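Residues per chain are reported as follows:
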Amino acid sequence: MSLEVYAAYLLACIVIIIVPGPTVTLIIANSLTHGTRAGLLNVAGTQLGLLVMLGVPVGRLPGDLTVKRGNFTFYFPLATSIVVSILLTLVLTFFRK
């Protein structure tokens, strides 16, 4: 690799690292316009969307109960319900203050 190509590559990497992406820009703009609460809601929504895109197995946690008998399947998301309950409690407690 020539020195010119390497320098161009390094410059492109630095620019990509320094310039915030559209999500960061949206979070900053909403935080400045509507306050901290709106910014944190944007962060939460962004992270939730990321989890969905990555395919995190919410609803299929190890503590969830599944019973299969013949043509019948019973699924009770026990661990998922507990995790969702804890997260919602934390979020609602934080935003009610």
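Everything numeric in this text was worked out from a predicted model, so none of it was measured.

Engineer: Break down the overall build of the protein chain for me, with residues and values.
Structural biologist: Secondary structure summary: the protein chain contains 4 helices and 2 strands in total. Starting at the N terminus and walking to the C terminus, you meet the elements of the protein chain as α-α-α-β-β-α. Its C-alpha atoms give the protein chain a radius of gyration of 22 Å, more than 25% over the compact-globule value 13 Å for 97 residues. For the protein chain, the C-alpha atoms occupy an extent of roughly 65 × 45 × 15 Å along the three principal directions. Across the protein chain, the fraction of contacts at a sequence separation of at least 24, relative to all contacts at a separation of at least 6, is 11%.

Engineer: Can you break down a nonpolar patch on the surface residue by residue, with the values?
Structural biologist: Residues L65, V67, F72, F74, F76, L78, I82, V83, I86, L87 and L90 make up a contiguous nonpolar surface patch of about 990 Å² in total accessible area. Of all the secondary structure elements, the ones that give two or more residues to the nonpolar patch are β1 (65-69), β2 (72-76) and α4 (78-96). By residue number, the principal contributor to the nonpolar patch is α4, which donates 6 residues. Mapped onto the fold, V67 is located in strand β1.

Engineer: Residues and numbers for the confidence of the model for the protein chain, please.
Structural biologist: In regions of low pLDDT, the predicted coordinates are not meant to be interpreted in detail. Averaged over every residue, the pLDDT of the protein chain is 84; residues scoring 70 or more account for 92%. The secondary-structure element of the protein chain with the lowest mean pLDDT is helix α3 (residues 36-54), recorded at 81, while β1 shows the highest, at 90.

Engineer: Give a detailed account of the environment of P20, specifying residues and quantitative values.
Structural biologist: Relative to the elements of secondary structure, P20 occurs in the loop between α1 (3-18) and α2 (22-34). Of the residues examined, P20 reaches a relative accessible area of 46% and is grouped as partly exposed. Measuring from C-alpha to C-alpha, the distance between P20 and L40 comes to 17 Å, with 20 residues separating the pair along the chain.

Engineer: An account of the side chain of T80 is requested, with residue identities and associated values reported.
Structural biologist: Mapped onto the elements of the fold, T80 is located in helix α4. We classify T80 as buried; its relative accessible area is 9%. Within the local environment of T80, its side chain forms a polar contact with the side chain of D64, the two groups lying 2.8 Å apart.

Analysis parameters
- Residues numbered from 1 in each chain as written.
- Predicted model: local features only at pLDDT ≥ 70, side-chain atom pairs only at ≥ 80, totals over all residues.
- Heavy atoms only, no water.
- Helix = DSSP H or I, 4+ residues; strand = E, 2+ residues; numbered from the N terminus.
- Rg over C-alpha atoms; globule rule 2.2 N^0.38 Å.
- Contact = heavy atoms within 4.5 Å.
- Patch = residues over 30% accessible without salt bridge, like charges linked within 9 Å, V, L, I, M, F, W, Y side chains within 5 Å.
- Areas by Shrake-Rupley, 256 points an atom, 1.4 Å probe, with all protein chains shown as cover.
- Salt bridge = Lys/Arg side-chain N within 4 Å of Asp/Glu carboxyl O.
- pLDDT = per-residue confidence, 0-100.
- Buried < 20%, exposed > 50% of the residue type's maximum accessible area, 1.4 Å probe, protein only.
- Polar contact = N/O pair within 3.5 Å; in protein donor to acceptor, adjacent residues only side chain to side chain.

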